[in-house]
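Fold and geometry: a report
Read off the chains here:
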Amino acid sequence: MSLLLPAAFAQKGTLKREPVSQPLIKKQFTADPSAHVFKGRIFLYPSHDIESGVAENDNGDHFNMKDYHVYSMTDVEGKVKNHGVALSLDDIPWAGRQLWAPDAAYKNGTYYLYFPAKDKQDIFRIGVATSKKPQGPFKAEAEPIPGSYSIDPCVFRDANGDYYMYFGGIWGGQLQRWKNNQYNSTAPIPQPGDTAVLPRVAKLSADMKSFAEPVREVQLLDENGKPFMENDKEKRFFEAAWVHYYNGKYYFSYSTGDSHNICYAIGDNPYGPFTYKGVLLEPVEGWTNHHSIVFYDGHWYLFYHDVQISGKTFLRNVKVTELFYNEDGTIRKQNAYKN
Ligand code: FUB
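Residues numbered from 1 in each chain as written. Predicted model: local features only at pLDDT ≥ 70, side-chain atom pairs only at ≥ 80, totals over all residues. Heavy atoms only, no water.

Taking an unreviewed UniProt entry as the reference, the protein is identified by name as Glycosyl hydrolase family 43 belonging to Pseudobacter ginsenosidimutans. In its Sequence similarities (unreviewed entry) section, the UniProt entry covering the protein states "Belongs to the glycosyl hydrolase 43 family." (UniProt positions renumbered as here; feature names shortened; annotations may be inferred.)

Re the sheet that holds strand 11 (residues 163–167)
Pairing is antiparallel in the open sheet, where four strands are placed in the order 10-11-14-15. Lying at the two open borders of the sheet, with one neighbouring strand each, are strand 10 (154–157) and strand 15 (216–217). In the sheet, strand 11 pairs with strand 14 (residues 200–203) via four bridges, with the strands oriented antiparallel. Bridge pairing in strand 14 links Phe 167 to Arg 200. (Pairing = 2+ DSSP bridges. Helix = DSSP H or I, 4+ residues; strand = E, 2+ residues; numbered from the N terminus.)

Structural notes on the pairing of strand 10
One ladder, built from four bridges, connects strand 10 with strand 11; its direction is antiparallel. Pairing of Phe 156 across the sheet is with Tyr 164, part of strand 11. Hairpin connection, strand 10 to strand 11: the antiparallel pair is bridged by five residues, and Gly 161 has positive phi, about 90°.

Comments concerning the site of the ligand
Near the ligand you find Asp 32, Ser 47, Met 65, Trp 100, Ala 101, Asp 152, Glu 239, Thr 288, His 290, His 305 and Arg 316, and these make up its full shell. Between an oxygen atom of the ligand and a side-chain N or O atom of Asp 152, the distance comes to 2.5 Å. Arg 316 is positioned such that a nitrogen or oxygen atom in its side chain is 2.7 Å from an oxygen atom of the ligand. Here the ligand, which alone exposes 280 Å², has 99% of that area covered by the protein. Per-class residue counts for the shell around the ligand are three nonpolar, four polar and four charged. (Near = heavy atom within 4 Å. Polar contact = N/O pair within 3.5 Å; in protein donor to acceptor, adjacent residues only side chain to side chain. Areas by Shrake-Rupley, 256 points an atom, 1.4 Å probe, with all protein chains shown as cover. Nonpolar A, V, L, I, M, F, W, Y, C, P; charged D, E, K, R; others polar.)

Digging into the side chain of Asp 306
Along the polypeptide, Asp 306 turns up in strand 22 (residues 299–306). The exposure class assigned to Asp 306 is buried, which follows from its relative accessible area of 1%. In this structure the side chain of Asp 306 is engaged in a polar contact, spanning 3.0 Å, whose partner is the backbone nitrogen of Gln 308. Separated by 2.8 Å, the side chains of Asp 306 and Lys 319 make a polar contact. (Buried < 20%, exposed > 50% of the residue type's maximum accessible area, 1.4 Å probe, protein only.)

Here it is in structure tokens:
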């Protein structure tokens, strides 16, 4: 099979240090990997990065993705299967542009793909599409999820069968424009001295296609139980929420965006409060840092991305490394590079 990538991209290695792991997928650019175990396999729901010719800016307009592919594997060191196009922008009636980081969930024989896209008014909304197979193809609903906004949905299934969607991202993700679930197109990006913008959460309704309750802020607190300020750039929420459960606790992890960490906080229930515990993945090569955490075959894995293949911040490649906990439930910090 011929390589889909131009040879220059496939050969260019830009990392200044040696990475701990190699790209999982080399024939397409992939990012924001949401991993789930379905039917005994790891399924990956990544963004599909492309070179669209849009100039880079702080709004992220250059992340101009037009479809999703789903991947799966039985072994993190084995073959990764590309299941082909799972959903295209052209098949989403309400969407205008920019298919950003998706997630997936399963309930009662149906698989759900959740995805952010700008609507025809250029406002980010979150859509849902369904399939009888984890790899799709998925059929999008005619409208976005009512009351949804911003980017980076993460759907978490609690042990009692309730599902929660976490979402939000500041700057180009537009989260700063939403206060009390009302939109203000002129709201500025957060400034030093402002209280940090909080991620959002809502329980999903039984049909998985709407919110069962008003969207609320996720309470994210610093080590001293205080809200983060925008000045706390190394620790405050920016985008890329992910929630997992380990040993009786809920772990809320996220990217700090312009300081490029993946941090995590621990809470006692799906709404939090979540108290900051530290960095779990240090900055990777490239501007964005976005991850997921999944338990498979007796091991915990951290999926993430960097730009090892292309050297370009909007042409990323997905990777995986094992994740380890300390005895007290904290997570051992991952360095994406060998020391
Ligand atoms: O892939 C587009 C955006 O970049 C994602 O939605 C963010 O989390 C960042 O990774």
